[in-house]
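Per-entry structural report
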Amino acid sequence: AVVSTQSGHYGRDRIAVLQGEREKVQKKTFTKWCNSHLAKVSIRVSDLYTDLCDGRVLLKLLEVLSGDKWAKPSRGTMRFHQLENNEKVFSYLKHAKIKVENMG
């Protein structure tokens, strides 16, 4: 019984490690993809989680991808401004009938 518990524990640990590695690879790949498009407007993402959180870079990326010109994003640093910018992105995606997976 002890061996099966330890091997089960090892299996869960290994899965967690592999999931972490997969997430790291996906983050790096998506960062490179974003930068390849954002280079057209002289913007560079170094960390997806921090650089996209206020919605300004995400709006610019969507502007580059869609070819549409948008109003300037909210420049404030309060959470309200971040949510406002991100809401603009999601509203556009909904209007364009682009399905967003794995958000939340």
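Residues numbered from 1 in each chain as written. Predicted model: local features only at pLDDT ≥ 70, side-chain atom pairs only at ≥ 80, totals over all residues. Heavy atoms only, no water.

Re unusual backbone geometry
Let me state the cut-off plainly: Helix and strand definitions follow DSSP, with helices as H or I runs of at least four residues and strands as E runs of at least two, each counted in order from the N terminus. Note on exposure labels: buried denotes an accessible area under 20% of the residue type's maximum, exposed denotes more than 50%, and partly exposed covers the range between, all computed with a 1.4 Å probe on protein chains only.
Despite not being glycine, Ser42 has its phi angle at roughly 55°, a positive value. Mapping Ser42 onto the fold places it in the loop between helix H1 (2-38) and helix H2 (48-51). The class for Ser42 is exposed, based on a relative accessible area of 71%. Positive phi outside glycine occurs at Lys97, with the angle close to 60°. Assignment of secondary structure puts Lys97 in the segment after helix H4 (79-95).

Topic: H4
What counts here: A helix is expected to reach a length of 1.5 Å times the quantity of its residues less one. Summarising the geometry, the arc corresponds to the directions from the helix axis toward the C-beta atoms.
Look at H4: 24 Å from first C-alpha to last across 17 residues, which is about the 24 Å you get at 1.5 Å a residue. For H4, the full list of buried residues reads Asn85, Asn86, Val89 and Leu93. The buried residues of H4 all sit within an arc of 90° when viewed along its axis, so they share a single face. Turned more than 90 degrees off the buried face of H4, the exposed positions are Phe80, Lys94 and His95.

Thoughts on a nonpolar patch on the surface
We count it as follows: Note that patches include only residues with greater than 30% relative accessible area and no salt bridge, and the join distances are 9 Å for like charges and 5 Å for nonpolar side chains (Val, Leu, Ile, Met, Phe, Trp, Tyr). Areas reported here follow the Shrake-Rupley algorithm with a probe of radius 1.4 Å; residue values treat only the protein chains shown as occluding. The working definition used for a salt bridge is a side-chain nitrogen of Lys or Arg within 4 Å of a carboxyl oxygen of Asp or Glu.
A surface patch of nonpolar side chains, amounting to about 270 Å² of accessible area, comprises Phe30, Trp33 and Leu65. Note that Trp33 resides in helix H1.

Remarks on the pattern of salt bridges
Across all of its chains, the model carries four salt bridges by this definition. Of the charged contacts in the structure, one is a salt bridge between Arg56 and Asp54, with a shortest N-O distance of 2.7 Å. Here Arg56 falls in the partly exposed class, since its relative accessible area comes to 24%. Residue Glu63 is joined to Lys60 by a salt bridge in which the shortest nitrogen-to-oxygen separation is 3.0 Å. Here Glu63 and its partner Lys60 are both found in helix H3 (residues 56-66), three residues apart, which amounts to about one turn of the helix. According to the relative accessible area criterion, Glu63 is buried, its value standing at 13%. Judged by relative accessible area, which is 25%, Lys60 ranks as partly exposed.

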